[in-house]
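As a plain string of letters, each chain reads:
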Amino acid sequence: MGAATGLGSAAAALAAGDLTAAFTGPSSAPVIAVGSAAINLTPTWLKDFAVQHFGTHDKTVLLAGIYATMLVIALLAGVLALRWRRLGLALFVLLAGVGAWAASSRQASLVPSLVAGAVGAAALWLLIRRAPVGRPAADAATPTTPNATTAKATAAAAPRGALDRRGFLLALVGTAVFAAVAETAGRALTAARYNVAAARAAVHLPRAVHPLPPIPAAAHPDVAGLSPFTTPVADFYRVDIDLTLPQVAPADWTLRVHGMVDHPLELSFDDLLHRPLVELDHTLSCVSNQVGGPYVSTARWLGASLPALLREAGVRPGSQQLVGRSSDGMTIGSPLDLVLDGRTALLAVGMDGAPLPVAHGFPCRSVVPGLYGYTSATKWLTDLEVTTFAAYDPYWVHRGWDRTGTVKTASRIEVPAPLAQLPTGTVTVAGTAWATHRGISAVEVRVDGGPWSEADLATAVSPDVWRQWTLHWTGAAPGLHTLEVRATDGTGAVQPQASAPPFPSGATGWHSVVVTVG
């Protein structure tokens, strides 16, 4: 009974909080606020652990942990409230306080958490008042010898206990109905008020002033199991700190350019679309990627020239850093000299022929080839500040990551898969290598620590995208074998063998797989 009371009260609390957040913003919902605060407080090593072990499901694991914790506290509150009502109520007050603190730390509204706490406490109070507690003990104290008085007491107690139980069940069902209705209404209102899917569908992107040719078929070897050259949007990796996707309508979007510039600017989305748009084939990678890891993807981006906009604003001497700010508060710092050195850096509005997906920054994001995402790719971009390194530490630099974020040369074996069972004879080995903005000039593979064999490189598209490769391993003999790969970038530098973790500037080392032949 206590457990049911606690769970029902918690369900009502969360539903009321989510309904209130439909008016104050999705990020202010109690669970989201707590989860976002937890992400900000999580140390770097633990974030790396989560990304490495849970991948893109790290946020799901975090939310599941928060819900599980709330479940335990709610159960405890319900059980305690049967004997110490105020103690059970205090736990709901504590949950409300944690939610309010978390929301304030993210500059979100405190109201949903306070409403959730009030509704949860009220539901707990009402359910406990309805609970048939203590009556069986009183009945047990009556004499066992039948007489007129005890007969009357027994006759009265039975229906009264049944009525109490019926009243409690009705109250519990009513609480559950309230929770279901409030949660459904909250979700519907949130979608109606904040979802920008319809606005995104209405965007018609202009053509690039100089459209790029299609990716040549020779850029992608026909090998089963090899990654597509252009990553399908649904498979494009996503690593960020957002538990709810920012919903920014193009009509409400502006981009402010300020700081160490002669002419501060402010652009609307229409202003951005009326600038000359450029296409860029670019491989984006995450600094958290392990050697051979999955957090790297390729797309054709469409956007306005970022260097052209900065030159229009008039960058002042002594400027070192371009800080991009997202609508969710994230800050990304890019070395200004690398943005302005001639590479095709973009204020991207399109991805693979369509407006940016919401998950990848709609309506606008930055893309700077040669840099990991944490120093180049501000999604949901709304602000650009030209400043110095000493003046400001962006989000990841503040947490100890390298300030520059230059992509390191990387290569991986995709075919055969690790622990694959292979036939003897000739085996096709294939994979992908990248050294963004430097390009790949060679890839080599070796078996069991033997001599290196040069792989066949697929057609190069540009230095800003990955390059795929194949090698025919002849004479594969029965037994267990280790395959290793290394790449050489466009400057002639060979990928280093020394193994290093992603923190603080990106992983290094040669990728290897173990296979069985025969």
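Source: prediction; values computed, not measured. (Residues numbered from 1 in each chain as written. Predicted model: local features only at pLDDT ≥ 70, side-chain atom pairs only at ≥ 80, totals over all residues. Heavy atoms only, no water.)

## Regarding a nonpolar patch on the surface
- Together, Trp45, Leu46, Phe49, Phe54 and Val61 line one region of the surface with nonpolar side chains, adding up to about 480 Å² of accessible area.
- The dominant element in the nonpolar patch, judged by the number of residues it contributes, is helix H3 (residues 44-54), at 4 residues.
- According to the relative accessible area criterion, Trp45 is exposed, its value standing at 62%. (Patch = residues over 30% accessible without salt bridge, like charges linked within 9 Å, V, L, I, M, F, W, Y side chains within 5 Å. Areas by Shrake-Rupley, 256 points an atom, 1.4 Å probe, with all protein chains shown as cover. Salt bridge = Lys/Arg side-chain N within 4 Å of Asp/Glu carboxyl O. Helix = DSSP H or I, 4+ residues; strand = E, 2+ residues; numbered from the N terminus. Buried < 20%, exposed > 50% of the residue type's maximum accessible area, 1.4 Å probe, protein only.)

## Some words on the sheet that holds strand S14 (residues 440-447)
- Taken in spatial order, the 5 strands line up as S12-S19-S18-S14-S15 in an open sheet, and their pairing is mixed. Both edges of this open sheet fall to strand S12 (421-422) and strand S15 (453-454), since each of them pairs with a single strand only.
- Relative to strand S19 (residues 511-517), strand S18 (residues 479-489) is paired through 7 bridges, and the arrangement is antiparallel. The residue bridging His481 from the neighbouring strand is Val515, located in S19. (Pairing = 2+ DSSP bridges.)

## A word on helix H4 (residues 58-81)
- The terminal C-alpha atoms of H4, which comprises 24 residues, lie 35 Å apart, in line with the 34 Å expected from a rise of 1.5 Å per residue.
- Those residues of H4 not exposed but buried are Asp58, Lys59, Leu63, Ile66, Met70, Ala74, Ala77, Gly78, Leu80 and Ala81.
- Here the buried face of H4 lies against helix H1 (2-24), helix H2 (30-41), H3, helix H5 (85-105) and helix H6 (111-130). (Expected span 1.5 Å × (residues − 1). Contact = heavy atoms within 4.5 Å.)

## Let's talk about the pattern of salt bridges
- Considering all chains together, one arrives at 15 salt bridges under this definition.
- Among the ionic pairs, Asp262 bridges to Arg316, the shortest N-O distance being 3.2 Å. Here Asp262 is found in the loop between strand S1 (254-259) and strand S2 (265-268), whereas its partner Arg316 is found in the loop between helix H11 (306-313) and strand S5 (321-326), with 54 residues between them in sequence.
- Residue Arg316 is classed as partly exposed on the basis of its relative accessible area, which comes to 39%.
- Between Asp341 and Arg343 there is a salt bridge, with its nearest N and O atoms 2.7 Å apart.
- Given a relative accessible area of 42%, Asp341 falls into the partly exposed group.

## A short note on the environment of Ala417
- On the secondary structure map, Ala417 appears in the loop between strand S11 (410-415) and S12.
- Exposure remark for Ala417: the relative accessible area of 40% places this residue in the partly exposed category.
- Considered as a pair, Ala417 and Phe178 are 239 residues apart in the sequence and their alpha carbons are 51 Å apart.

## A word on the pairing of S18
- Of all 11 residues in S18, 8 are buried; the element is thus mostly enclosed.
- When S14 meets S18, the two strands line up antiparallel, connected through 7 bridges. The residue bridging Ala442 from the neighbouring strand is Thr488, located in S18.

## A few points about the nonpolar core
- Core analysis: the biggest nonpolar cluster contains 50 residues, and Trp301, Leu306 and Leu347 have the highest contact counts within it.
- The biggest single contributor to this core is strand S7 (residues 346-351), with 5 residues.
- When sequence neighbours within four positions are dropped, the list of residues in contact with Leu306 reads Leu322, Val339, Ala345, Leu346, Leu347, Val368 and Leu384.
- Among the nonpolar cores identified, the runner-up in size contains 27 residues, and Val31, Ile39, Trp401 and Val407 belong to it. (Core = buried A, V, L, I, M, F, W, Y, C linked by side-chain atoms within 4.5 Å.)

## As for the packing of H2 against H5
- Closest axis-to-axis distance for the H2/H5 pair is 8 Å, and the angle between their directions is 60°. Viewed along their axes, H2 and H5 adopt a mutual orientation that is oblique. As for how H2 packs across H5, the hand of that crossing is left-handed. Contacts between H2 and H5 involve Ala33, Val34, Ala37 and Leu41 from the first element and Val98, Gly99, Trp101, Ala102, Ala103 and Ser105 from the second. (Axes fitted to C-alpha atoms, helices over the stretch in contact; angles between N-to-C directions. Parallel < 35°, antiparallel > 145°, perpendicular 65-115°, else oblique. Left-handed = near helix turned anticlockwise from the far one by under 90°.)

## Quick notes on H2
- Between its first and last C-alpha atoms H2 spans 17 Å; for 12 residues at 1.5 Å apiece the expected length is 16 Å, and the two agree.
- Of the positions making up H2, those classed as buried are Pro30, Val31, Ile32, Ala33, Gly35, Ser36, Ala37 and Ile39.
- Buried residues along H2 sit in contact with H1, H3, H4, H5, H6 and helix H13 (395-398).

## Looking at the sheet that holds S5
- In space, the 5 strands of this open sheet follow the order S2-S1-S10-S5-S6, with mixed pairing throughout. Each having just a single partner strand, S2 and strand S6 (331-335) make up the two edges of the open sheet. On average, each strand axis in the sheet is inclined to that of its neighbour by 15°, with strand direction left out of account.
- Relative to strand S10 (residues 381-387), S5 is paired through 6 bridges, and the arrangement is antiparallel. Bridge pairing links Ser326 to Leu381 in S10.

## Quick word on the packing of H5 against H6
- Contact pair H5 / H6: the axes reach a minimum separation of 8 Å and the direction vectors enclose 165°. One element, H5, and the other, H6, form an angle in the roughly antiparallel class. As H5 packs across H6, the resulting crossing turns out to be right-handed. Across the interface between the two elements, Arg85, Gly88, Leu89, Phe92, Ala96, Gly99 and Ala100 of H5 pack against Ser113, Leu114, Gly117, Gly120, Ala121, Leu124, Trp125, Ile128 and Arg129 of H6.
- Grouping the amino acids of the contact of H5 with H6 by side-chain chemistry returns 9 nonpolar, 5 polar and 2 charged. (Nonpolar A, V, L, I, M, F, W, Y, C, P; charged D, E, K, R; others polar.)

## Here's the deal with the packing of aromatic side chains
- Under the counting rule described, the total for this entry stands at 9 aromatic pairs.
- For the pair Tyr374 and Trp401, a centre-to-centre distance of 5.9 Å together with 55° between the ring planes defines the contact as tilted. A residue pair is termed long-range when its members are at least 10 positions apart, and Tyr374 in the loop between strand S9 (365-367) and S10 and Trp401 in the loop between H13 and S11 qualify at 27 residues. An identical accessibility class is assigned to Tyr374 and Trp401; each is buried. (Phe/Tyr/Trp six-rings, centres within 6.5 Å; stacked < 30°, edge-to-face > 60°.)

## Side note on unusual backbone geometry
- Pro363 follows Phe362 through a cis peptide bond whose omega is 10°.
- Structurally, Pro363 can be placed in the loop between strand S8 (354-355) and S9.
- Residue Val415 is joined to Pro416 through a cis peptide bond whose omega torsion reads 0°.
- Structurally, Pro416 can be placed in the loop between S11 and S12.
- In the Ramachandran plot, Gln107 falls in the positive-phi region, its phi being about 55° despite a non-glycine side chain.
- Positive phi, close to 55°, is recorded for Asp448, a residue that is not glycine.
- By relative accessible area, Asp448 is classed as partly exposed at 43%.

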